[in-house]
Amino acid sequence: MPIPQPTNAPAPGQSDLFGLPAVVPATPQPDTTRIARVQLEGAAAMELDYTIPASLAEGVVVGSRVMVPLQNRQMVAVVLELLNESSHRGRLKEISSIVARRPMFTPALLRLARWIADYYLVSVHTVLRTMLPQAVRDKPGSFVMDSHLKLLRDPSPAELEKLMNKAPMQARVLEILRSCQGEATLSQIRRDVPRAATILKPLIKAGWITRSEVRVERDPFQEEVFLPSQPLTLTAEQQVAYDRISAAIDSAQPSKPILLHGITGSGKTEVYLQAIARVLERGGTALVLVPEIALTPQTIERFKARFSDRSDRIAVLHSHLSDGERHDEWFKIHEDRADIVIGARSAIFAPLERLGIIIVDEEHEPSFKQDETPRYHARDVAVVRGGIEKCVVLLGSATPSLESFENAGSGKYELLEMLQRTDGRTLPLIRIVDMRMERRKGTGVSIVNAGILSEKLRAAITARLEKREQTILFLNRRGFNTSLSCITCGETVQCQDCSIPMTLHKHENRLVCHVCGSRRLPPSKCPSCQEPGLKFSGFGTERVETAVREVFPQARIARVDTDTIQRKNQLRDLLRDFRAQKLDLLIGTQMIAKGLDFPNVTLVGVLNADLALNLPDFRAAERTLQLLVQVAGRAGRGEVKGEVVVQTYAPHSPAVQFSRHNDFAGFAQQELEQRRAFHYPPYTHVVILASRGKHQAMAEFALKTLHRRLLEGLSEEVLMGDPAPCAMAKAHGQYRFQLLLRTPKIRPLCRHIQQVLQSTSLPADVIVTWDVDPVSLL
Ligand SMILES: Nc1ncnc2c1ncn2[C@@H]1O[C@H](COP(=O)(O)OP(=O)(O)OP(=O)(O)O)[C@@H](O)[C@H]1O
Ligand SMILES: [Zn+2]
């Protein structure tokens, strides 16, 4: 949809960030009173003070981008603070000019940036960079432009005919304009009159039309139509939750963050929708964070449908957008043309003003943590942003993170629970299959013997196929066989650059490294002892697909993983087919574990529950439980009761047992006791210090040096491990080491680490990283 440009818009091409002249020159005036503390862009972590000349006094506000002199050069900087005093007063230089009047960062976001910099030990500059999408950072204001033409008066038939004889192209343009109510864009007219641009001038001169420049939004949902949806009548539990949330929205006092623990299908999304409606009624805006993987068209459709009267005021930010789309969506928010923003992790930095609520759905999801610098956790940042903006923060999950659950337990957060499904149905029946027994039975069916499908699961699928109900099989591992090893010497074929076994992808007949992506032909003999006997083992989704097709030749089957889904709309189309029951059985990785709602799915099979359980991480049990509960939540969402079959070699582990009884609280209680006893989060904060480099000894030396320096003056409360190789000791050709620190008080530890890092010189070819509150130890 074209959007009118501000009236003072310069011609495209010479516009700066916000359609203002690129630079507002300053007249130097010695008599200044105010001082701006700025953050230089491009330079490392430099904060400097400048005076604000009187001529710019009104234009410079917190968040403005300005030009400042630095050693004979002019640099771009962001105003962080306005001060009355500076310790350097008298020697300060003046701000030269304003780059953009409208600040790129709201004051609240600047405060947030400082908090993040401080908490995660990074520079403010790095955080500010992260806060802007790349397309906005690099090419702000690069909109697609078009001309909007308007017919000033209808030509009479006689006038048209006269024009037709003299200048037929001009007459044709007038005709087109008349046929579309007197208004059209140049690109619309070009479809009929390709050279229309060349004849606009005479038409304008003759007083027939006017022309103005407009932006064309690159709207990711341009072609979608949304059927409006009405608010549902809330269930009793939903009503209680909603009442509390809306009281917090209405309250003038800042409220605690709210944790909404609602089982799958309890109608959390409906509560979010109604809470947002409440915020909008009061003139506020809403920010919704969803894990990238759950940010499906289905999710967005629900929001667009509910707020269909203002669906053009919903902005979406996630990684599947093109750069241009992301640029335009960001500016839509920046220019106050959006009231609701839905996005993945980095949308927490959406420059919304008048924020009334921040919702973090699936708050337990590890993907809310960024795995590169700055390693922030969007859920925790949401809580801090909520504090700064004085808005409601609502964290939702069927399996809250133990951090949030403990915060609710200790009264730091408020806990709301919804433990019934909206349809009043019970949760699906969960059957645990002990695969140790299963394999001992040796039924003679190869797929069973290979440990892929138990007899129970096979029978359950057969029953579903007969009843024309649908099945989802879940396995969080791609490929055909997951390892290849030598029967003589026992060596496993590993990636040369990474210390993990390579996976066979049969379709392309290659061994693939799932860490660095390197590929090679499967060797015919052992690379280590040169003997010929090599044996494939372990199975991934590709193998499952082949096996299931063999056992159920009539079934209509599809596989969903990153190997089969490569195009943008492929997943959407496939899920549409599944919903329309054009498919009987879906096999997939975590791509299908989240948020999907298919009424005809009555069976979910978890092929190997132990994958997450066996990870060397104190959160292994928590992750397993989250996964089982989420996956199980996909079954029985319609009329028929659902069934879940979980295959495991560890049937008695707490994660399996508690998920079977859908007892999140019971699991949390037991797990929290363990965490407390062994000083793990949420009772401590973890910091991981890691080193990596091409030379093993150097990387290890670097971390040992840091370890030694950290010991000096380390507080007694801090538990520090020894430097050790990471679980994946080598990746991308680099050796990796890490050091784990735990502490009940994070800030003093971070200050100590920062001092050590700043005062220790390390080998140039070793990279040292640190991660505050990591979500994974791998
Ligand atoms: N008050 C209600 N009355 C009737 N149906 C409802 C109500 N609230 C929600 N539903 C329906 O129940 C289903 C589940 O709701 P919803 O998706 O909001 O749950 P959820 O807790 O977000 O689920 P999940 O965590 O599994 O994604 C949806 O189909 C929704 O339309
Ligand atoms: Zn590799």
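What you are looking at is a predicted structure, and each value in this text was computed from that prediction instead of being measured. (Residues numbered from 1 in each chain as written. Chains lettered and ligands numbered in written order. Predicted model: local features only at pLDDT ≥ 70, side-chain atom pairs only at ≥ 80, totals over all residues. Heavy atoms only, no water.)

Here the structure, examined in full by the defined rule, presents 38 salt bridges. We note a salt bridge from arginine 379 to aspartate 380, for which the minimum N-O separation is 2.7 Å. With relative accessibility at 6%, the residue arginine 379 sits in the buried group. The class of aspartate 380 is buried, set by a relative accessible area of 19%. (Salt bridge = Lys/Arg side-chain N within 4 Å of Asp/Glu carboxyl O. Buried < 20%, exposed > 50% of the residue type's maximum accessible area, 1.4 Å probe, protein only.)

What follows deals with the domain arrangement of the protein. Assigned domains within the protein: domain 1 (2-138), domain 2 (144-216), domain 3 (236-418), domain 4 (429-478 + 540-674), domain 5 (484-498 + 507-535) and domain 6 (685-772). Placing the centre of domain 2 and that of domain 6 at their C-alpha centroids yields a distance of 68 Å. (Domains from an automatic or database assignment.)

Below, the discussion takes up the site of ligand 1. Around ligand 1 lies a shell of 18 residues, among which Thr233, Gln238, Lys268, Thr269 and Arg302 are the nearest. One nitrogen or oxygen atom from the main chain of serine 266 is found 3.4 Å from an oxygen atom belonging to ligand 1. In the environment of ligand 1, an oxygen atom lies 2.7 Å from a nitrogen or oxygen atom belonging to the side chain of threonine 269. Coverage of ligand 1 by the protein chains reaches 78% of its 630 Å² of free accessible surface. Residue contributions to the shell around ligand 1 peak at three residues, all from helix H9 (residues 268-281). Looking at the shell around ligand 1 residue by residue, the class counts come to three nonpolar, nine polar and six charged. (Near = heavy atom within 4 Å. Polar contact = N/O pair within 3.5 Å; in protein donor to acceptor, adjacent residues only side chain to side chain. Areas by Shrake-Rupley, 256 points an atom, 1.4 Å probe, with all protein chains shown as cover. Helix = DSSP H or I, 4+ residues; strand = E, 2+ residues; numbered from the N terminus. Nonpolar A, V, L, I, M, F, W, Y, C, P; charged D, E, K, R; others polar.)

At the junction of threonine 373 and proline 374, the peptide bond is cis and its omega measures out at -10° in the coordinates. Positionally, proline 374 belongs in the loop between strand E15 (355-361) and helix H12 (378-389). Positive phi is not limited to glycine here, since glutamate 362 has a value of about 55°. Relative to the assigned elements, glutamate 362 resides in the loop between E15 and H12. Notably, glutamine 530 is not glycine yet its phi reads approximately 65°, a positive angle. Relative to the helices and strands, glutamine 530 resides in the loop between strand E23 (519-520) and strand E24 (534-539).

On to the coordination of the zinc ion (ligand 2), then. Note on the zinc ion (ligand 2): its protein donors are Cys495 (SG), Cys498 (SG), Cys513 (SG) and Cys516 (SG). The metal-donor distances range over 2.2 to 2.4 Å. If you look at the zinc ion (ligand 2), its four donor atoms make angles of 107 to 111° with each other, and the shape they trace is tetrahedral. Counting along the primary sequence, the residues that act as donors to the zinc ion (ligand 2) give the motif C-x2-C-x14-C-x2-C. Here the residue cysteine 495 occupies a position in the loop between strand E20 (481-486) and strand E21 (503-505), and cysteine 516 occupies one in the loop between strand E22 (510-512) and E23, the gap between them amounting to 21 residues. (Donors = N, O, S within 2.8 Å, 3.2 Å for Na, K, Ca; no water. Tetrahedral: all angles 85-135°; square planar, octahedral: opposite > 155°, others 65-115°.)

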